[in-house]
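Chain and residue survey
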Amino acid sequence: MPVSIDGLLDLARPDMAGVDALIRDRMQSPVAVIPALAEHLIGGSAKRLRPLLTIAAARLSGATDDSCLKLAAAVEFIHTATLLHDDVVDSSELRRGKVAAHLIWGAPASVLVGDFLFARAFELMVEAGSMAALEILARASRVIAEGEVLQLTRAHDLNLPQEMYLEIIKAKTAELFAAAAEAGAVSAGASPERCEALRKYGQDLGVAFQLVDDSLDYSGISKDLGKNPGDDFREGKATLPLLLGIARTGAAEKAFWDRAVARLEQVDGDFERARDLITGAGALDATLDLAADYAGQAKSALCEFSASNSWRPALEDLADFAVSRLR
């Protein structure tokens, strides 16, 4: 069973209520399709982990005012915008357990509402009044886009080095975790050392989350994933479980991997065969072991803060939660 993060959710509940109110207010528009499409995706987010991270980092760093709330809402808008764009690029059918927005409103509307949410995010960042936080989140938006493009250019690459795979997920996923935590710390006036520690925590947490998500694609079910199992395989995404599975099955399965992944000439039963090969080769276990290493590094970064601060053990639980979803 996953480790509970109820302690963190309880600590953050008053702040997150304020963040939710900001999100719902700022996603409104006289153009009716914008709030309708935004609500379809934003309403399906239960924990809002990235804005939760901004709040937790700010409070851990001693923040007593509400300046971090607008930054947290901005983080959620950035994240939602990237999801809308990604689902169009990937032709995804499900997101957070719902039909993907582009299948209801069309790809053009999904992309443009994503652009609207990016704009709202930057309005909120300006209102928050921290040039340093604005710089952090603006940089993150650029890095995320670079990561997505890099992943696109290396799609179906059966020889993608593990180092390149990690570079991709650090950019497209972990960067927003890192920026969310760092922006929270900056908004609280934390020292450079503590800001860097929380950035390190966020980045390693984000890598751990993505490694587990990539593993869930080969072992999870729809209600846990919020998408269809096997989507990454069907899209030919070179994730670590797949790359390790290919390397460990060797020449005996080369023709299968070339056909099903490199050329995407898939037939019924291919996903099940790939899943069995990946699991049998120990690729899922190896990926989860690496995720656990990153979660451990994330927890170590919190040593800058007192163990008596109730936010620190709550954030440690979040790191353990990240890797317990498949254990």
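Let me sum up the structure you'll find in this document. (Residues numbered from 1 in each chain as written. Predicted model: local features only at pLDDT ≥ 70, side-chain atom pairs only at ≥ 80, totals over all residues. Heavy atoms only, no water.)

Points about the overall build of the protein
For the record, the criterion: The numbering of helices and of strands both runs from the N terminus, where a helix is a DSSP run of H or I of at least 4 residues and a strand a run of E of at least 2. The globule rule used for comparison is 2.2 Å times the number of residues to the exponent 0.38, while the radius of gyration itself is calculated over C-alpha atoms. Working definition: with a 1.4 Å probe on protein chains only, accessible area under 20% of the residue-type maximum means buried, over 50% means exposed, and in between means partly exposed. Throughout, a residue-residue contact means that at least one pair of heavy atoms, one from each residue, lies within 4.5 Å. Here the Shrake-Rupley method, with its probe set to 1.4 Å, supplies the accessible areas, and only the displayed protein chains count as covering residues. For this count, His and the chain ends are skipped, Lys and Arg are scored as positive, and Asp and Glu as negative. Here the site of a charge means atom NZ of a Lys, CZ of an Arg, CG of an Asp or CD of a Glu.
Check the secondary structure of the protein and you find 16 helices and two strands. Taking 327 residues into account, the globule formula puts the C-alpha radius of gyration at 20 Å, and the protein, at 20 Å, falls close to it. With the principal axes as the frame, the protein shows a C-alpha extent of 60 × 50 × 30 Å. Taking all 327 residues of the protein together, 55% fall into the buried category. Sequence-distant contacts, at least 24 apart, represent 75% of the contacts inside the protein between residues at least 6 apart. Carbon together with sulfur atoms contributes 54% to the accessible area of the protein, which is approximately 13,400 Å² in total. Here the protein contributes 34 positively and 48 negatively charged side chains, and the mean placements of these two sets differ by 1 Å.

Things to note about the packing of aromatic side chains
Counted only if it meets this: Between the rings of Phe, Tyr and Trp (Trp by its six-membered ring), a pair exists once the centres lie within 6.5 Å; its type follows the angle of the planes, with under 30 degrees stacked, over 60 edge-to-face, and the other angles tilted.
Per the counting criterion, the structure on display carries five aromatic pairs. Between Phe 209 and Phe 321, the aromatic rings sit 6.3 Å apart at their centres with planes inclined by 50°, giving tilted as the arrangement. Linking Phe 209 in helix α9 (residues 192–216) with Phe 321 in helix α16 (residues 311–324), this pair joins segments that are 112 residues apart in sequence. Among the residues examined, Phe 209 registers a relative accessible area of 6% and is labelled buried.

Concerning the packing of helix α1 (residues 6–26) against α16
The criterion, for reference: Only the stretch in contact is used when fitting a helix axis, every axis being a line fitted to C-alpha atoms; angles between N-to-C directions are given from 0 to 180 degrees. Any angle between 65 and 115 degrees counts as roughly perpendicular, while under 35 counts as roughly parallel, over 145 as roughly antiparallel, and the rest as oblique. Left-handed describes a crossing in which the near helix is turned anticlockwise from the far one by less than a right angle; the clockwise case is right-handed. Note on residue classes: Ala, Val, Leu, Ile, Met, Phe, Trp, Tyr, Cys and Pro are nonpolar, Asp, Glu, Lys and Arg are charged, and everything else, Gly too, is polar.
Running from N to C, α1 and α16 point in directions that differ by 125°, and their axes come no closer than 8 Å. Between α1 and α16, the crossing angle belongs to the class labelled oblique. Crossing hand, α1 versus α16: left-handed. Between α1 and α16, the residues in contact are Leu 8, Leu 11 and Ala 12 and Trp 311, Ala 314, Leu 315 and Leu 318, respectively. Classifying every residue of the contact of α1 with α16 gives seven nonpolar, no polar and no charged.

Observations concerning the pattern of salt bridges
Think of it this way: side chains of opposite charge can pair up when their charged atoms draw near. Keep this limit in mind: Any carboxyl oxygen of Asp or Glu that lies within 4 Å of a side-chain nitrogen of Lys or Arg is treated as forming a salt bridge with it.
Overall, the coordinates contain 25 salt bridges when judged by the stated rule. When the shortest N-O distance is used, the salt bridge between Glu 123 and Arg 120 registers 2.8 Å. With Glu 123 and Arg 120 both in helix α6 (residues 107–128) and three residues apart, this pair spans about one turn of that helix. Take Glu 123: its relative accessible area is 37%, and that puts it in the partly exposed class. With a shortest N-O distance of 3.6 Å, Asp 231 and Arg 234 are connected by a salt bridge. One end of the pair is Asp 231 and the other is Arg 234, both in helix α11 (residues 231–235) and three residues apart, which spans about a single turn. Linked through salt bridges whose partners overlap, the residues forming this network are Asp 25, Arg 26, Lys 70 and Glu 127.

Quick notes on the side chain of Thr 249
Inclusion rule: Identification of polar contacts relies on pairs of N or O atoms within 3.5 Å, with a donor-acceptor requirement for protein atoms, meaning one able to donate a hydrogen and the other able to accept it, and with residues adjacent in sequence counted only if both atoms are side-chain atoms.
Mapped onto the fold, Thr 249 is located in helix α12 (residues 240–249). There is a polar contact of 3.3 Å between the side chain of Thr 249 and the backbone oxygen of Ile 246. Among all residues touching Thr 249, those that are not within four sequence positions of it are Trp 257, Leu 277 and Ala 281.

A few points about unusual backbone geometry
One non-glycine residue with positive phi stands out, namely His 156, at about 65°. For His 156, the position within the fold is in the loop between α7 (131–153) and α8 (162–187). Take His 156: its relative accessible area is 27%, and that puts it in the partly exposed class. In this model, Leu 264 sits at a positive phi of 55°, which is unusual for a non-glycine residue. Tracing the chain through its elements places Leu 264 in the loop between α13 (254–262) and α14 (270–280). Given the relative accessible area of 34%, Leu 264 is considered partly exposed.

Comments concerning the nonpolar core
Formally: Residue types Ala, Val, Leu, Ile, Met, Phe, Trp, Tyr and Cys, when buried and joined through side-chain atoms within 4.5 Å, form a set referred to as a nonpolar core.
Grouped together as the largest cluster of nonpolar side chains are 110 residues, with contacts concentrated most on Tyr 201, Trp 257 and Leu 318. With near-sequence residues (within four places) excluded, Trp 257 lies in contact with Leu 158, Phe 233, Leu 242, Gly 245, Ile 246, Thr 249, Ala 262, Ala 274, Leu 277 and Ile 278.

Here's the deal with the state of the cysteines
Quick note on the threshold: Any pair of cysteine sulfurs within 2.5 Å is marked as a disulfide.
In total, this model carries zero disulfides according to the counting rule given. In this model Cys 303 remains outside any disulfide bridge; the closest cysteine sulfur is found in Cys 195, 17 Å from its own. A relative accessible area of 55% places Cys 303 in the exposed class.

Digging into the packing of helix α4 (residues 67–90) against α6
Their axes nearest at 8 Å, the elements α4 and α6 cross at an angle of 160°. Here α6 runs roughly antiparallel to α4, going by the angle between their axes. Crossing handedness for the pair α4 and α6: left-handed.

Quick word on the environment of Asp 115
Structurally, the position occupied by Asp 115 is in helix α6. C-alpha separation for the pair Asp 115 and Ala 81, spaced 34 residues apart in sequence, amounts to 6.7 Å.

Spatial relationships are all this shows, so hold off on functional conclusions.
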